[in-house]
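Inside the fold
One letter stands for each residue in the lines below.
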Amino acid sequence: MYVKEVAVQNQVGLHARPATFFIQKANEFKSSIWVEKEERRVNAKSLLGVLSLGIVGGTGIKIIADGPDEEIAVDALVKLVESGFND
């Protein structure tokens, strides 16, 4: 299991469009991936799950992965979040 914390950089947070980019990236990996905000953990490959967290700009989240490509998956998702979804 591999975990990293990151602060959401973009103003609007993970609403529909950025969440879609996040989920598409998460689905590129074989590992099971979760997003955790406070004490709630959801499947990072589920749009409804990610949207249900209500992540706004400046919020700290944990990205957690478990599987064969867990480190690459977490690092790629952290990079996407840190970019503000502008890549």
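Analysis parameters
- Residue indices follow the written sequence of each chain, beginning from 1 at its first position.
- Two thresholds apply to this predicted model, a pLDDT of at least 70 for residue-level local features and 80 or more for giving and counting side-chain atom pairs, whereas whole-chain, interface and lining totals are computed over all residues.
- Excluded from the side-chain calculation are hydrogens and water; included are all heavy atoms of the structure.
- Each pair of strands is called paired provided DSSP finds at least two bridges between the two strands.
- In DSSP terms, a helix is any run of H or I states spanning at least four residues, a strand is any run of E spanning at least two, and both are numbered starting from the N terminus.
- Orientation is described by axes fitted as lines to C-alpha atoms, over the contacting stretch for helices, and by angles from 0 to 180 degrees between their N-to-C directions.
- Working rule for contacts: check all heavy atoms of both residues, and any pair within 4.5 Å makes them a contact.
- Accessibility here uses a 1.4 Å probe with only protein chains present; expressed as a share of the type maximum, an area under 20% marks a residue as buried, one over 50% as exposed, and anything in between as partly exposed.
- For this analysis, a salt bridge means a side-chain nitrogen from Lys or Arg found within 4 Å of a carboxyl oxygen belonging to Asp or Glu.

As a further point, take the sheet that holds strand E1 (residues 2–7). Through backbone hydrogen bonds, the strands of a sheet pair up, either in parallel or in antiparallel fashion. Taking strand neighbours across the sheet as the criterion, the four strands line up as E1-E4-E2-E3 in an open arrangement whose pairing is antiparallel. Two strands in the sheet have a free side with no partner beyond their single neighbour: E1 and strand E3 (40–43). Averaged over all pairs of adjacent strands, the angle between strand axes in this sheet comes to 25 degrees, irrespective of strand direction. As judged from the five bridges shared by strand E2 (residues 32–37) and strand E4 (residues 60–66), these two strands associate in the antiparallel manner. From the neighbouring strand, Ser32 faces E4, where its bridge partner is Asp66. Helix-sheet contacts for helix H3 (residues 70–82) involve E1, E2 and E4, and the interaxial angle to E1 is about 0 degrees.

Before going further, it helps to spend a moment on the environment of Thr20. Here Thr20 shows up in helix H1 (residues 16–26). The class for Thr20 is partly exposed, based on a relative accessible area of 30%. Sequence separation between Thr20 and Lys45 is 25 residues, and the spatial gap between their C-alpha atoms is 9.3 Å.

Bringing the pattern of salt bridges into the picture now. Counted under the stated rule, the structure contains four salt bridges. A salt bridge links Asp75 to Lys4, with the shortest nitrogen-to-oxygen separation between them at 2.8 Å. Taken together, the positions of Asp75 in helix H3 and Lys4 in strand E1 put the pair 71 residues apart, joining distant regions of the chain. Among the charged side chains, a salt-bridge network with shared partners connects Glu36, Arg41 and Lys62.

These values are about where atoms sit, not about what they do.
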